[in-house]
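In case you want the letters, here they are:
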Amino acid sequence: MCGIVGSVSTKTNIIPILLNGLKTLEYRGYDSAGISYLKDGNLTINKVKGRVQDLENNIEKNSFSNIGIAHTRWATHGKVSETNAHPHNVGHITIVHNGIIENFNKLKHKLEEKGYQFKTQADTEIAAGLLDYYYKKYENIDKAIQKFMKKVDGSYAICMLIDNDPNTIYVIKKDSPLIIGQSQDVNYIASDVPAILKYTKNYYILEDYEYGKVTNNNIEIYNKEGNLLKKELKEYHGSDLTSDKGLYEHYMLKEIMEQNTTIRKTINPYINNIKDLLKMPDLTKYERIDIIACGTAMHAGLIAKYLFEQYTNTKCEVFLASEYRYQNNFLNNKVLSIFISQSGETADTLAALKKVKEENCDSLGIVNVKESSIARAIDKVLYTEAGTEIAVASTKAYTAQVALLSVLVLAHAYRTKSIKEEKILNILEEFRSITSILNPILEDTKTYENIAKEIYEKNDVFYIGRGLDYALAMEGSLKLKEISYIHSEAYAAGELKHGTISLITKDTPVFSSATNKHINTKTISNLKEVISRGAKCYLITDEDIKDDNIKVIKIKKVSMFLKPLLTIIPYQLIAYYTAKLKGCDIDKPRNLAKSVTVE
Ligand code: AGP
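Computed from a predicted structure; not experimentally measured.

Caption draft 1: View of unusual backbone geometry. Residue Pro 87 follows His 86 across a cis peptide bond; omega there is 5°. Along the chain, Pro 87 falls in the loop between β4 (67-73) and β5 (88-90). Here Glu 371, not a glycine, exhibits a phi torsion of approximately 55°, which is positive. Its location among the elements puts Glu 371 in the loop between β18 (362-367) and α12 (373-377).

Caption draft 2: Structural context of the pattern of salt bridges. Summed over all chains, the structure comprises 34 salt bridges. Residue Lys 39 is joined to Asp 40 by a salt bridge in which the shortest nitrogen-to-oxygen separation is 4.0 Å. Since its relative accessible area comes to 67%, Asp 40 is described here as exposed. Notably, a salt bridge pairs Lys 234 with Glu 232, separated by 3.5 Å at the nearest N-O pair. Of the residues examined, Glu 232 reaches a relative accessible area of 55% and is grouped as exposed.

Caption draft 3: View of the packing of aromatic side chains. Under the defined criterion, the tally for this structure stands at 13 aromatic pairs. Taking the centre distance of 5.3 Å and the plane angle of 55° together, the rings of Tyr 133 and Tyr 134 count as tilted. We classify Tyr 133 as buried; its relative accessible area is 19%. Of the aromatic side chains, those joined through ring pairs into one cluster are Tyr 463, Phe 511, Tyr 538 and Tyr 571.

Caption draft 4: Structural detail: the nonpolar core. By size, the foremost hydrophobic cluster in this structure holds 93 residues, and its most contacted members are Ile 338, Phe 431 and Leu 566. The residues touching Leu 566, leaving out its near neighbours within four places in the chain, are Ile 434, Ile 437, Leu 438, Ile 441, Ile 555, Lys 556 and Val 558. Formed by 31 residues, the second largest nonpolar core is a distinct cluster that contains Leu 107, Ala 144, Met 149 and Tyr 170.

Caption draft 5: Quick peek at helix α11 (residues 347-358). In a regular helix each residue adds 1.5 Å, so 12 residues correspond to 16 Å; α11 covers 16 Å between its end C-alpha atoms and thus fits that length. For α11, a buried count of nine out of 12 residues is recorded, marking the element as mostly surrounded by other parts of the structure. Looking at α11, one finds that the buried residues are Ala 347, Asp 348, Thr 349, Leu 350, Ala 351, Ala 352, Leu 353, Lys 355 and Val 356. Where α11 is buried, its residues meet β15 (288-293), α10 (321-324), β17 (335-341), β18 and α12. With its phi angle positive at about 55°, Asn 360 sits one or two positions after the end of α11.

Caption draft 6: Molecular detail of the packing of helix α13 (residues 396-415) against helix α14 (residues 421-432). Relative to each other, α13 and α14 sit at 165°, their axes nearing to 10 Å. Between α13 and α14, the angle is such that the two are roughly antiparallel. Judged by the twist between their axes, the crossing of α13 over α14 is left-handed. Between α13, through Ser 406, Val 407, Leu 410, Ala 413 and Tyr 414, and α14, the contact on the second element is made entirely by Glu 421, Ile 424, Ile 427, Leu 428 and Phe 431. A class-by-class count of the residues in the contact of α13 with α14 yields eight nonpolar, one polar and one charged.

Caption draft 7: Inspection of empty space enclosed by the protein at higher detail. This structure, assessed with the given rule, holds two cavities of 30 Å³ or more. Each pocket or cavity is described by its volume, and for the largest cavity that value is around 70 Å³. Contributing to the lining of the largest cavity are Cys 2, Arg 73, Trp 74, Ala 75, Thr 76, His 77, His 86, His 97, Gly 99, Ala 122, Asp 123 and Thr 124. Taken together, the residues that form the lining of the largest cavity break down as four nonpolar, six polar and two charged. Of the volumes computed, that of the second largest cavity is approximately 60 Å³. Lining the second largest cavity we find 11 residues, and of these Asp 192, Val 193, Pro 194, Val 369 and Lys 370 sit closest to its centre. Here the residues of the lining of the second largest cavity sort into five nonpolar, one polar and five charged.

Caption draft 8: Main features of the environment of Ser 63. Tracing the backbone shows Ser 63 in the loop between α2 (52-58) and β4. By relative accessible area, which is 16% here, Ser 63 ends up buried. Between the C-alpha atoms of Ser 63 and Asn 13, which are 50 residues apart in sequence, the distance is 8.4 Å. For Ser 63, the residues in contact, after removing those within four places along its chain, are Asn 13, Ile 15 and Tyr 37.

Caption draft 9: Representation of the pairing of β17 within the structure. By the criterion of burial, β17 is predominantly enclosed, with seven of the seven residues buried. Going residue by residue along β17, you find Val 335, Ser 337, Phe 339 and Ser 341 tucked away on one face and Leu 336, Ile 338 and Ile 340 tucked away on the opposite face as well. As defined by bridge partners, β15 adjoins β17 across five bridges and the pair is classed as parallel. Bridge pairing links Asp 290 to Ser 337 in β17.

Caption draft 10: Geometry of a positive patch on the surface. Together, Lys 106, Lys 110, Lys 114, Lys 137, Lys 143, Lys 150, Lys 151 and Lys 224 line one region of the surface with positive charge. Contributions of two or more residues to the positive patch are made by α3 (104-113) and α5 (141-151). In terms of residues, the positive patch owes the most to one element, α5, which gives three residues. With respect to the element layout, Lys 224 can be found in the loop between β13 (219-222) and β14 (234-235). We classify Lys 224 as partly exposed; its relative accessible area is 42%.

Caption draft 11: Representation of the sheet that holds strand β3 (residues 42-48). Reading across from one edge, β3-β2-β4-β1-β10-β9-β11-β14 is the order of the eight strands in this open sheet, with antiparallel pairing throughout. The open sheet terminates on both sides in strands that have one partner only, identified here as β3 and β14. In this structure, strand β2 (residues 32-39) lies alongside β4, joined through seven bridges in antiparallel fashion. Note on β4: the bridge partner recorded for Ala 33 is Thr 72. Strand contacts of helix α1 (residues 15-25): β1 (3-9), β2, β4 and β10 (186-190), with the helix running at about 160° to β1, the strand carrying the most contacts.

Rules used in this analysis
- Residues numbered from 1 in each chain as written.
- Predicted model: local features only at pLDDT ≥ 70, side-chain atom pairs only at ≥ 80, totals over all residues.
- Heavy atoms only, no water.
- Helix = DSSP H or I, 4+ residues; strand = E, 2+ residues; numbered from the N terminus.
- Salt bridge = Lys/Arg side-chain N within 4 Å of Asp/Glu carboxyl O.
- Buried < 20%, exposed > 50% of the residue type's maximum accessible area, 1.4 Å probe, protein only.
- Phe/Tyr/Trp six-rings, centres within 6.5 Å; stacked < 30°, edge-to-face > 60°.
- Core = buried A, V, L, I, M, F, W, Y, C linked by side-chain atoms within 4.5 Å.
- Contact = heavy atoms within 4.5 Å.
- Expected span 1.5 Å × (residues − 1).
- Axes fitted to C-alpha atoms, helices over the stretch in contact; angles between N-to-C directions.
- Parallel < 35°, antiparallel > 145°, perpendicular 65-115°, else oblique.
- Left-handed = near helix turned anticlockwise from the far one by under 90°.
- Nonpolar A, V, L, I, M, F, W, Y, C, P; charged D, E, K, R; others polar.
- 1 Å grid on protein atoms, 1.4 Å probe; cavity = no way out; pocket = protein on both sides within 12 Å on 5 of 7 lines; lining within 4 Å.
- Points joined across faces, edges and corners; volume = space filled by probe spheres on them.
- Pairing = 2+ DSSP bridges.
- Patch = residues over 30% accessible without salt bridge, like charges linked within 9 Å, V, L, I, M, F, W, Y side chains within 5 Å.
- Areas by Shrake-Rupley, 256 points an atom, 1.4 Å probe, with all protein chains shown as cover.
- Lys, Arg positive; Asp, Glu negative; His and termini not counted.
- Charge placed at Lys NZ, Arg CZ, Asp CG, Glu CD.

In structure tokens form, the structure reads like this:
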């Protein structure tokens, strides 16, 4: 998703700082990039439809500036093009922007009536026009910004240059994250911390309806009434965000293989004994647990739902954040809302969290990126220790989420006496052996490569399952389609025959998992239904199932608290090897972003 970087210095050339910042944010996904800087009162704008490296190649060698802004764009309004790329300049004003100006059409017409003409399809250009209009009208940037915040609906993190104000970068924030980094003689602006970590760990966080003025030696932050605020200077303590592929061809494969250690690292503090397990938050005062997330993180929530309801008799609902924020959520002080997010920057999840906080209800975060926006805003956060996840398709973060949530449920089961202590101790022992339990599955790559050869030329692939296996089918299906671009659907095993089975033809691949002995026979029956219509079936199971028409992938028998962690690995690797055979851009799939910071 979009990335913002700005910098202003006394005498340091900030152009390399801006480009390096954009490169650090590349993992978020984007389709174009741009930079703007001031030199002796002249404004330079350089934009490309393509990568940051293309932008760098476009900049004249030895270019120098001490003040500038830069951006990577993931298109929302207006097609992917150089024209629509940021920065956008209107009159005195040049800006880069993360977010969506929802009333941009109305604003555009009003500005056109006042003589403005716009060249692009981007809502950001309208924002620049509105700021320019108010700046000219009031001849006062504070008033212009305050008026802008009153008039604009939507979300924005804006970084702004003014051609006749060459020493200051202005920033404006609502909903989309923005931070200001501070160091000796150079100050920075970024959409999140990784972009400036190379230069400083000290930063200010902008809250909604705050705006700032950043020069080489001064940082001022104001509220929407124009009052100067006393903000706390934070220091970043997260892990080093750099990462490399090592011997792997793709980050995704590296991250899949790392799961035998990242899961263990995530749950280590809680699994040595009951005393450690009870470091997990006490949920006994709650009557309902709501889980809110997007994409893969939501699929992790479905695993937790199953475990909460099956093993602690606690009602648990899972919501897509993008839906949650527009519905009635029946919140009260007996409800705990758990937000799951790898990046901690997902706009829909952040917006849903804001809604819970507005109702003064309790929230708990399961987040991977330290001190990210969700981690900062939530009441309490439990960090997954998956390390930096670079591949857009989430794997190690997902299993770290599932593992942490499973241990959270186990602690709740202990406190509510839903599971006997002896059984809990056995499950903790299994968790302590997770690395050796996962290794055989991770090492069996030949099996998954062979399956990939059988499906990579198919147009449609189906995943089915019941209970936990249905949640796993959803994640397996998402993995395949997001990196191989093969259409795929996940279905409750019993639901396929209510319509979608009409799509099953000869050799249609159907994947399933059967890890619950109480309902496995039903799933096998559903597989036989599709086999009789020509499907080619693959089954991940810990049962001794033999069938000439089903390719069985056997996994070790473990407690239900660990089964998802084993079952998902074949799905991840089958998706990886399929995408590899298709020659896809596995780590950066088309149209996708690692952190979806727009709604
Ligand atoms: C998963 O492979 C995708 N990258 C996507 O669904 C992702 O899980 C979703 O956008 C949520 O992101 P978050 O965990 O950073 O909030």
